[in-house]
Amino acid sequence: MNTNIPQRNVEIEERHVQKKSDSSQVLSTLIKYTAYIVIVFGVLYFLVRFVFPLF
């Protein structure tokens, strides 16, 4: 046995992190991005339907 190595007392700390999600914030973000997509498709429809036939 090698007695030159000192014994270390190592304590391991465990952390459990729980992710909490606010459902109202998630829903409002979903509504916001859905509105962005509807606006973009509306602009594209307007361009295809009314602007491009002018050329």
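The notes below deal with the structure included here. Since the model is a prediction, treat every value here as computed from it, not as a measurement. (Residues numbered from 1 in each chain as written. Predicted model: local features only at pLDDT ≥ 70, side-chain atom pairs only at ≥ 80, totals over all residues. Heavy atoms only, no water.)

1. Structural notes on the overall build of the protein chain
Here is step 1: Across its full length, the protein chain carries one helix and zero strands.
Here is step 2: Within the span of the protein chain, comprising 55 residues, buried residues form 0% of the whole.
Here is step 3: Here the protein chain has roughly 6400 Å² of accessible surface; of this, 62% comes from carbon and sulfur atoms. (Helix = DSSP H or I, 4+ residues; strand = E, 2+ residues; numbered from the N terminus. Buried < 20%, exposed > 50% of the residue type's maximum accessible area, 1.4 Å probe, protein only. Areas by Shrake-Rupley, 256 points an atom, 1.4 Å probe, with all protein chains shown as cover.)

2. Thoughts on the packing of aromatic side chains
Here is step 1: Going through the model one piece at a time under the given rule, you end up with two aromatic pairs.
Here is step 2: Here the aromatic rings of Tyr-33 and Tyr-36 are separated by 5.6 Å at their centres, their planes lie at 75 degrees, and the arrangement is edge-to-face. Of this pair, Tyr-33 and Tyr-36 are both found in helix α1 (residues 23-51), three residues apart, which corresponds to roughly one turn of the helix.
Here is step 3: Between Phe-46 and Phe-50, the ring centres sit 5.6 Å apart and the planes meet at 45 degrees, which makes this aromatic pair tilted. Of this pair, Phe-46 and Phe-50 both sit in helix α1, four residues apart, which is roughly one turn of the helix.
Here is step 4: Since its relative accessible area comes to 45%, Phe-46 is described here as partly exposed. (Phe/Tyr/Trp six-rings, centres within 6.5 Å; stacked < 30°, edge-to-face > 60°.)

3. Describing a nonpolar patch on the surface
Here is step 1: There is a patch of nonpolar side chains on the surface, built from Ile-37, Val-40, Phe-41 and Leu-44 and spanning about 400 Å² of accessible area.
Here is step 2: Judged by its relative accessible area of 47%, Val-40 is partly exposed. (Patch = residues over 30% accessible without salt bridge, like charges linked within 9 Å, V, L, I, M, F, W, Y side chains within 5 Å. Salt bridge = Lys/Arg side-chain N within 4 Å of Asp/Glu carboxyl O.)

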